[in-house]
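Here's the letter readout for the chains.
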Amino acid sequence: MKPNYLFVTCSGAVLAALLICLMVVQVGWKNAEPWQPVQLLEPADLAATINTPEAKQPLIISIGPAATIKTSVGVGPASEAENLAKLEKLLSKEPKTRAIVIYCGCCPFKNCPNVRPAFTKLNEMGFKNHKLLNIAKNLKTDWIDKGYPVIE
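In this text the structure is predicted, and so the values were computed from the model without any measurement.

1. Observations concerning the overall build of the protein
Secondary structure assignment for the protein yields five helices and five strands. Reading the helices (α) and strands (β) of the protein from amino to carboxyl end gives α-β-α-β-β-α-β-α-β-α. Counting all 152 residues of the protein, 36% fall into the buried class. In the protein, 67% of the contacts between residues at least 6 apart in sequence involve partners at least 24 apart. A total of about 9,200 Å² of accessible surface is found on the protein, and carbon and sulfur atoms cover 63% of it.

Structure representation (structure tokens):
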């Protein structure tokens, strides 16, 4: 019985195309967002940390219009150059291993004009332990309405 070379050739082409697609998807994620999925922090997890006084507390930074989360520091919308400079100045005094959480909350972070410039700035500055608060809708719905700790 002779091997079916057409089948072998087609299978090889299909396999090659599949591998190329997988590589494009992987590279696409890396190019799409400045964070990795493991760098997203759920609001309930941050609230639990804030509510546990003996837990090591991260530096929480609002990179949106208002600092709302308890203990957070506001620098203003990171889409504006002067506020991005404030963020850089604030972070310049911090060790690169400092736990940092940034949030905006004006809208879902997938649409937010502030999270990408701020997260990119942390990456550029060499921080190793920074996260983005995973706001699905907005800060009111995903934080305040759930009774999580806010600045009094």
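From this point, things continue past the structure.
2. Observations concerning the pairing of strand β2 (residues 59-62)
Every other side chain in a regular strand lies on the same face of the sheet, so the side chains alternate between the two faces. The side-chain alternation of β2 yields two buried faces, one formed by L59 and I61 and the other by I60 and S62. Relative to strand β4 (residues 100-103), β2 is paired through four bridges, and the arrangement is parallel. Bridging across to β4, I60 finds its partner in V101.

3. Quick notes on the packing of helix α3 (residues 81-91) against helix α4 (residues 115-124)
Between α3 and α4, whose axes approach to 10 Å, the crossing angle comes to 35°. Helix-helix and strand crossings are classified by hand; for α3 and α4 the assignment is right-handed. Residues L84, L87, E88 and L91 of α3 form the contact with α4, whose own contacting residues are P117, A118, K121 and L122. In terms of residue class, the contact of α3 with α4 is built from six nonpolar, no polar and two charged.

4. Looking at α4
Residues of α4 that are buried: V115, A118, F119, K121 and L122. End-on, the buried residues of α4 take up no more than an arc of 155°, which puts them together on one face. The inward-facing, buried residues of α4 contact α3, β4 and β5 (130-133). Immediately downstream of α4, the backbone of G126 shows phi near 85°, a positive value.

5. Things to note about the nonpolar core
Counting residues in each nonpolar core, the largest one holds 22 residues, and the members touching the most others are I61, I63, L87, L91, I100, I102 and V115. When residues of this core are traced back to their parent elements, those giving at least two are β2, α3, β4 and α4. Ranked by the residues each element gives to this core, the list is headed by α4, at four residues. With 13 residues, the next largest nonpolar core counts A47, I69, I135 and L139 among its residues.

6. Here we look at unusual backbone geometry
A positive phi angle, near 75°, is found at T71, a position not held by glycine. Structurally, the position occupied by T71 is in the loop between β2 and β3 (73-74). Residue T71 is classed as partly exposed on the basis of its relative accessible area of 49%.

7. What about the sheet that holds β5?
Pairing in this open sheet of five strands is parallel, and the strands run β1-β5-β4-β2-β3 from one edge to the other. Pairing within the sheet leaves two strands with one partner each, and these edge strands are β1 (40-41) and β3. With two bridges connecting them, β2 and β3 associate as parallel partners. Considered in β3, the bridge of S62 is made with G74.

Conventions adopted
- Residues numbered from 1 in each chain as written.
- Predicted model: local features only at pLDDT ≥ 70, side-chain atom pairs only at ≥ 80, totals over all residues.
- Heavy atoms only, no water.
- Helix = DSSP H or I, 4+ residues; strand = E, 2+ residues; numbered from the N terminus.
- Buried < 20%, exposed > 50% of the residue type's maximum accessible area, 1.4 Å probe, protein only.
- Contact = heavy atoms within 4.5 Å.
- Areas by Shrake-Rupley, 256 points an atom, 1.4 Å probe, with all protein chains shown as cover.
- Pairing = 2+ DSSP bridges.
- Axes fitted to C-alpha atoms, helices over the stretch in contact; angles between N-to-C directions.
- Left-handed = near helix turned anticlockwise from the far one by under 90°.
- Nonpolar A, V, L, I, M, F, W, Y, C, P; charged D, E, K, R; others polar.
- Arc of directions from axis to C-beta.
- Core = buried A, V, L, I, M, F, W, Y, C linked by side-chain atoms within 4.5 Å.

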